[in-house]
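Tertiary structure, described
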Amino acid sequence: GGEGERVQVGAVFAMDTRSRRRCGFVGVEAAQWCSWYLGRRVRISILAIDPFSSAQITRFNLSTTPVSPASPKSSHHAPISGINRRPSCQFSHGGDVISETSLPASHRAPAAPRHSISSRSQKKTQFVLEVQPCPENVIIPPSAQHMYEKAKELVSKRQLQRAARLYDSALEIAPQFSKCVVQRASLEARLRTRISLLSRRGMVRYERSVTRQKNILRAGIRAAPRNAILWQCYADLEKRLGQNRRARTLFRAARRVDPMRSSVYSSWASLEVSLGRLQEARALLLTGLRRAPKETRLYYQMGVLEDRAGRGPVARKFFARGAKLEASAAAEKGEPGATAFCLEGRGILEYRCGNVKLARECFARATQQDPSNSRLWLCWGNLEERESRPTAARRCYRHGTTAFPSAPQLWQAWARLEEKCGDLRAALRVS
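First things first, this report covers the structure right here in the doc. (Residues numbered from 1 in each chain as written. Predicted model: local features only at pLDDT ≥ 70, side-chain atom pairs only at ≥ 80, totals over all residues. Heavy atoms only, no water.)

1. Quick notes on the packing of aromatic side chains
Put simply, the test is: Side-chain rings of Phe, Tyr and Trp (the six-membered ring for Trp) are treated as a pair once their centres are within 6.5 Å; stacked means planes under 30 degrees apart, edge-to-face means over 60, and tilted covers the remaining angles. In this text, helices come from DSSP runs of H or I with a minimum length of four residues, and strands from runs of E with a minimum of two, each type numbered from the N-terminal end. Partly exposed residues are those whose accessible area sits between 20% and 50% of the maximum for their type, while under 20% is buried and over 50% is exposed, using a 1.4 Å probe and protein chains only.
For the structure on display, the rule yields 7 aromatic pairs. Geometrically, the ring pair formed by Y300 and F319 is tilted, given 6.3 Å between the ring centres and 50 degrees between the ring planes. Residue Y300 is found in helix α11 (residues 296-308), and its partner F319 is found in helix α12 (residues 312-333); the two are separated by 19 residues along the sequence. Residue F319 is classed as buried on the basis of its relative accessible area of 2%. Between the aromatic rings of W411 and W414, the centroid separation amounts to 6.0 Å while the plane-to-plane angle is 20 degrees, which identifies the pairing as stacked. In this pair, W411 and W414 are both assigned in helix α17 (residues 408-420), 3 residues apart and thus about one turn of the helix distant. On the basis of relative accessible area, W414 is assigned to the buried category, the value being 11%.

2. Let's talk about the pattern of salt bridges
The following threshold applies: We define a salt bridge as a side-chain nitrogen of Lys or Arg found within 4 Å of a carboxyl oxygen belonging to Asp or Glu.
According to the stated counting rule, one finds 21 salt bridges in the structure shown. A salt bridge links E306 to R311, with the shortest nitrogen-to-oxygen separation between them at 3.3 Å.

3. Details of the side chain of S263
Rule in force here: What makes two residues a contact is simply this: any of their non-hydrogen atoms within 4.5 Å.
By the secondary structure assignment, S263 is in helix α9 (residues 262-274). What makes S263 buried here is its relative accessible area of 15%. Excluding anything up to four places from it in sequence, S263 contacts Q232 and R297.

So, in structure tokens, the structure goes:
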């Protein structure tokens, strides 16, 4: 249901709530004409089919509600020609609107039926389509929750095989446990990094691991089809595997399920940028900003995209808006630790444009907001190093390694700086 796309609707069954008789139609509007003709409520059942195994995953119960006119005079004296008027039909599900006019000609509803009905029996009808959402608060059995917590402890101790078995046991008890599904899929990706690809046996094990991870996500989606995180995880997996068309399909499904989730737009836009489709990425990011206007990550991506396209002033505006949101978040938090991605992007942009002083100010503000971000200290140190200020660069590397000691890039950059300055003892001590 994206822009410029067509949605095909198969057989839709309209059932009279009184006689319980079911008639087959093609197109959603045919059921609406049935409701308009009968003058009473009609129930529509739409089955959501899993595209991977053609299995039913959920059912949507929709209804058309005929509403009597406010003025009885208009109903008794309605013209006969009003029968041929086709009411507008829109089915909104997850933010994407599926209209009857967007369907192919073969799937559209036929013309209005011509019957000799007296004007007294005609009623003006207002059609309301309502989707019954799945329950948001899913009850997880205590045994599955206990296994999940125990598996997380084993992962922290790097006992990955035992953790995987516990995750599998928890999913057997509660397949709708979405957090467990995500953790199990990510753990399978970690286990796959240990497989050597130098032998044929290693390649076979690698393919089996990929298939296992896909099956885990598919089972989770079937158990919890209204969870957008699972759809996005599956899309990210296909994106890493290079299946771009399948990844787009899964991103669309995640967007339909939860149109307000900003991470879907962010990950989808990164896919389009990697393929060089900047216009599509820009449209996705702007849609995400309209639906999540306080998401700083989207402002950062939009600024980087505009900077890459050579539109510096527009990129500055996005970086400035994102920096304001980051500063407000840091003020609400009351202590350092808030993100500062937009200030980092603004500093890199100003340095490329030759505004070194303004770039330093951006990096100084960014490190005050997020002092434990090793990337900020590394970028600031590289800036000072390129400006032939080794003392300032050394100070940046020292602060960065103090705040984040497990950052190898900072230690390497500091050692390389000491080597350039001719102090080999300091370079060996740092490295």
